[in-house]
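Analysis of the macromolecular model
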2 protein chains.
Amino acid sequence: MPSSATSDNGFLPTDIVAAAGRLDGVAVRTPILEAHLLNARIGGRLLIKAEPLQHTGSFKFRGAYNRISQIPDEERGHGVVAYSSGNHAQGVAAAARLFGIPATIIMPADAPAIKRANTEAYGATVITYDRYREVRETIGERLAAETGATLVRPYDDHGIMAGQGTVGLEATQQLDAAPDAVLCCCGGGGLIAGVSTAVKAAWPDCPVYAVEPAGFDDTARSLAAGAIVPNDGSARSICDALLAAQPGNLTFAVNRQTLAGGLVVTDDEVRHAMAIAFETLKLVVEPGGAVALAAALSGKIETADRTILIIASGGNADPALFAEALEAGARR
Amino acid sequence: MPSSATSDNGFLPTDIVAAAGRLDGVAVRTPILEAHLLNARIGGRLLIKAEPLQHTGSFKFRGAYNRISQIPDEERGHGVVAYSSGNHAQGVAAAARLFGIPATIIMPADAPAIKRANTEAYGATVITYDRYREVRETIGERLAAETGATLVRPYDDHGIMAGQGTVGLEATQQLDAAPDAVLCCCGGGGLIAGVSTAVKAAWPDCPVYAVEPAGFDDTARSLAAGAIVPNDGSARSICDALLAAQPGNLTFAVNRQTLAGGLVVTDDEVRHAMAIAFETLKLVVEPGGAVALAAALSGKIETADRTILIIASGGNADPALFAEALEAGARR
């Protein structure tokens, strides 16, 4: 992991620049989308960094590739192991495939068949566990110890955070001027830690807000409290990518310094945002990927006559859930 | 209209290069998308030129802007008129807005409210007609004569064809090498006339195929007959953007020289392609925009170990129809 005596949190903008070098020609330099009909809705400009168009349909490929590239050669041949039923699984599987190394993904036995099939289609081996009786972290650490494989954590890792941060670095290069604000989804906080670090390096005065689903606003509350505060575990949300129990230690150490605050959106606001992205951007955005757009569309931040950069983080939406969002959107 | 004594059909690759110059910084240089999970389905490579990400959600903006830019200054102030209930309407409206000139769009009185609202949102005036009792071409020509506005035809116009051709020109610049074939949708034939002209200029040996919905394969049959053959008018299709009665005169004069042939797909194959684009590319593609992908996915052309460039022309899909396609896709 990169570190520096000159940084409070041990995570530096230069880590992200280095990650961008490793990802050059490997990851998709995703476009920033803009639509007149979307801008007209809010009376300002929304610029959408479109990570659904990234390999594997989400930003997770970036961090996985960057992290795997930093495993010493003599260890990398033993492969990698990760626990995830979602975007991190596909990101790690696809990145491992490019390095020609084995990937083992630990998934709950009741994960949707399509997620398992997609992960296997990237060449990974899937191992299932009973989510009610077993702890995936324990299985992952045991597997890593037994096989010599490297455990690739989903967010609390500087190599992961630096890879995800290339989303923000690219945006600073793609735009001619700083936006008035940046909105980014937040689960464990890896993406926004990287994005906010890159954004602050380029545009020190630009506020970056975390956006979370209602009931999973642990980062918003932790920022307000100045210390990590977990969720109480009782909430449910369609934003399956953003259900971390609490901020990561490494991610929060960054985010407490870089973020202006946290915004919260409901599942209905997320469904509406998915329908609007369909209609105006022609982009498939999954629930967790749509929270930042939802915050802008539902007035959680001032948008009139302002330019807001929105990170749309992924597009791996279940077809039935997506169809339901379109119907809900049409009713509003 | 550009013309040249050295060209059989009066339409030249240099017309497209000139259009690209006018569209530089105005139109979106749409990305070419690729997905491992899509390639794995066909055992080859599919490269998707993503025009749903163009302004107004389809390639039509390109031709409209290029055509309007070529109206002499002293005439342009009188505005433009067009007849369309679909993508051409929005393309003309958005382009006219950029030139600050009035646009009048002639739409059937029973056109979907959302299409009218979107066209008006770009600042156009919508005039309706009774599609069972009036002829839109006649109304358009009368309006143009009365007001001095320029009639912007949907496809049979070299300025339109040159603008649409920038889709192909960009693709030849974006790819390192010629693909084994290019598949492009075909209604009146404006897009494919431009695309095929640009493709043949860069890659003379690369075959370009028109793809049409079953029952609307007038270009395929006209190519086979060596002369324009209309559809018999009895067929129906969900591909609302591709229902021209017969090839245009100017477009067919080009297409008979540039195209390798025509492929035909069913509505079910189109729905399946829309669902696959959703799942693997995270791109919203409307029925008419999905026919080329449908042809590749349904084995209308050899794809194994080959690289096929697919033009996905637009994404203005009705939400209910899109939801239905996702359900149909899930059943296959």
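Think of each chain on its own: its residues are numbered from 1, step by step along the sequence as written. Here chains are named by letter from A upward and ligands by number from 1 upward, in the order in which they appear as written. Selection of residues for local features in this predicted model requires a pLDDT of at least 70, selection of side-chain atom pairs for listing and counting requires 80 or more, and totals for whole chains, interfaces and linings are taken over all residues. Excluded from the side-chain calculations are hydrogens and water; all other atoms, namely the structure's heavy atoms, are used.

**Describing the overall build of chain A**
- A run of H or I in DSSP becomes a helix once it reaches four residues, and a run of E becomes a strand once it reaches two; helices and strands are each numbered from the N terminus. Tallying secondary structure elements over chain A gives 14 helices and 10 strands in all.
- Judged by the C-alpha coordinates and their principal axes, chain A covers about 55 × 45 × 40 Å.
- Per-residue burial for chain A yields a buried fraction of 61% across its 332 residues.
- Calculation of accessible area relied on Shrake-Rupley with a 1.4 Å probe; when residues are assessed, cover is drawn exclusively from the protein chains displayed. Accessible surface, chain A as shown: approximately 12500 Å² in total, 48% of it carbon and sulfur.
- Lys and Arg are tallied as positive, Asp and Glu as negative. Neither His nor the chain termini are counted. Just so you know, the charge point we use is NZ for Lys, CZ for Arg, CG for Asp and CD for Glu. Once the 27 positive and 36 negative side-chain charges of chain A are each reduced to a mean point, those two points are 2 Å apart. Only protein chains enter the calculation, and the probe is 1.4 Å; a residue is then buried if its accessible area is under 20% of its type maximum, exposed if over 50%, and partly exposed in between.

**Considerations on the packing of aromatic side chains**
Residue and element names in this part refer to chain A.
- Two aromatic rings, drawn from Phe, Tyr or Trp (for Trp, its six-membered ring), form a pair once their centres lie within 6.5 Å of each other, and the interplanar angle then sorts them: stacked below 30 degrees, edge-to-face above 60, tilted otherwise. Applying the stated criterion across every chain yields a total of 9 aromatic pairs over all chains.
- Relative to Tyr65, the ring of Phe61 lies with its centre 5.9 Å away and its plane at 40 degrees, an arrangement referred to as tilted. On the criterion of helical spacing, the pair formed by Phe61 and Tyr65 is a turn pair, its members being 4 residues apart in helix α3 (residues 60-69).
- Classification of Phe61 as buried rests on a relative accessible area of 1%.
- For Tyr65, a relative accessible area of 12% gives the class buried.

**What to know about the relation of the copies chain B and chain A**
- Between the two copies, chain B and chain A, the superposition gives an RMSD of 0.0 Å; the rotation angle is 180 degrees and the shift along the axis is 0.0 Å. Taken together, the rotation and translation relating the two chain copies correspond to the operation of a two-fold axis.
- When the interface residues of chain B are mapped onto chain A, 100% of them again lie at the interface, so the same face is used by both copies. Superposition of the copies was done by least squares, using only C-alpha atoms of residues whose pLDDT is at least 70 in both. Here, residues are in contact when the closest pair of their heavy atoms is within 4.5 Å.

**Examining α3(A)**
- Burial within α3(A) is extensive, with 9 of its 10 residues counted as buried.
- Turning to α3(A), its buried residues number three or more, namely Lys60(A), Phe61(A), Arg62(A), Gly63(A), Ala64(A), Tyr65(A), Asn66(A), Arg67(A) and Ile68(A).

**Thoughts on the sheet that holds strand β5 (residues 125-129) of chain A**
All names here are of chain A.
- Here 4 strands make up an open sheet; going across it, the order is β5-β4-β3-β6 and the pairing parallel. The open sheet has two edge strands with one neighbour each: β5 and β6 (150-151).
- For two strands to pair, DSSP has to find at least two bridges joining them. Sheet topology note: the strand β3 (residues 80-83)/β6 ladder contains 2 bridges and is parallel. Each residue of the ladder has a partner; that of Val80, found in β6, is Thr150.
- Axis lines are fitted through C-alpha atoms, for helices just across the contact stretch, and the angle between N-to-C directions can take any value from 0 to 180 degrees. Across the sheet, helix α7 (residues 136-147) touches β3, β4 (103-108), β5 and β6, and the angle it forms with β3 is around 175 degrees.

**Looking at the pairing of β3(A)**
Residue and element names in this part refer to chain A.
- Every second residue of β3 is oriented toward a common face, with Val80 and Ala82 on one face and Val81 and Tyr83 on the other, all of them buried.
- Two strands pair when backbone bridges link them, and β3 and β4 are joined in this way by 4 bridges, in the parallel orientation. Within β4, the residue paired with Tyr83 across the bridge is Ile106.
- The handedness rule is simple: strands pointing away from the viewer, and a clockwise path from the first strand over the helix to the second, make the crossover right-handed. On the question of chirality, the crossover connecting β3 to the parallel β4 by way of helix α5 (residues 87-99) is right-handed.

**Structural notes on the interface of chain B and chain A**
- Taken together, the contact pairs 27 residues of chain B with 27 residues of chain A.
- Accessible area, probed at 1.4 Å, shrinks when two parts are joined; the buried area is that loss added up over both. Summing the contributions of chain B and of chain A, the shared interface buries around 2300 Å²; its carbon and sulfur component is 70%.
- For this document, the term salt bridge refers to a Lys or Arg side-chain nitrogen within 4 Å of an Asp or Glu carboxyl oxygen. Where chain B meets chain A, there are 0 salt bridges.
- In protein, a polar contact means a hydrogen-donor-capable atom and an acceptor-capable atom, both N or O and within 3.5 Å, with residues adjacent in sequence counting only if both atoms are side-chain atoms; elsewhere, any N or O pair within 3.5 Å suffices. Summed over the shared surface of chain B and chain A, the result is 10 residue pairs in polar contact (both at pLDDT 80 or more).
- Breaking the side of chain B that touches chain A down by element, the ones donating at least two residues are α2 (36-42), α5 (87-99), α6 (113-121), α12 (267-281) and α14 (319-331) of chain B.
- The element contributing the most residues to the side of chain B that touches chain A is α14(B), with 4 residues.

**A short note on unusual backbone geometry**
Residues and elements named next belong to chain A.
- Positive phi, close to 70 degrees, is recorded for Thr56, a residue that is not glycine.
- Inspection of the secondary structure puts Thr56 in the loop between β2 (45-50) and α3.
- Its relative accessible area of 9% is what places Thr56 among the buried residues.
- Residues other than glycine seldom take positive phi values, yet Lys282 does so here, at roughly 60 degrees.
- Assignment of secondary structure puts Lys282 in the loop between α12 (267-281) and α13 (291-297).

**A short note on the side chain of Asp156(A)**
Residue and element names in this part refer to chain A.
- The residue Asp156 is located in the loop between β6 and α8 (158-174) in this model.
- Polar side-chain contacts of Asp156 include one of 3.1 Å to the backbone nitrogen of Thr251.
- Once residues within four sequence positions are removed from consideration, Asp156 is found in contact with Gly248, Asn249, Leu250 and Thr251.

**Examining the packing of helix α1 (residues 13-23) of chain A against α3(A)**
All names here are of chain A.
- Contact geometry for α1 and α3: axes closest at 10 Å, N-to-C directions at 95 degrees. Classified by the interaxial angle, the pair formed by α1 and α3 is roughly perpendicular. Across the interface between the two elements, Ala19, Arg22 and Leu23 from α1 touch Arg62, Tyr65, Asn66 and Ser69 from α3. Should an angle fall under 35 degrees it is taken as roughly parallel, and over 145 as roughly antiparallel, whereas 65 to 115 is taken as roughly perpendicular and any remaining angle as oblique.

**Some remarks on the sheet that holds strand β7 (residues 181-185) of chain A**
Residues and elements named next belong to chain A.
- The mixed open sheet is built from 6 strands, whose spatial order is β1-β2-β10-β7-β8-β9. A single partner strand is all that each edge strand has here, and the edge strands are β1 (32-33) and β9 (261-265).
- Bridge count for β7 against strand β8 (residues 208-213) is 4 bridges, and the pairing is parallel. The residue bridging Leu183 from the neighbouring strand is Tyr209, located in β8.
- Of the strands in this sheet, β1, β2 and β10 (307-312) touch α8, which is tilted by about 130 degrees from β2.

**Re the environment of Arg153(A)**
All names here are of chain A.
- Here Arg153 is to be found in the loop between β6 and α8.
- We classify Arg153 as partly exposed; its relative accessible area is 33%.
- Those residues in contact with Arg153 that lie beyond four places of it in its chain are Tyr83, His88, Glu141 and Ile160.

**Some remarks on the confidence of the model for chain A**
Residues and elements named next belong to chain A.
- A residue's pLDDT is the predictor's confidence in that residue, given on a scale from 0 to 100. Summing up the model confidence of chain A, the mean pLDDT is 95 and the portion of residues at 70 or higher is 97%.
- Contacts for the low-pLDDT stretch residues 1-6, under 50 throughout, to residues beyond four places or in other chains number 7 contacts.
- Taken together, the chains of this predicted complex give a pTM of 0.96 and an interface ipTM of 0.95.

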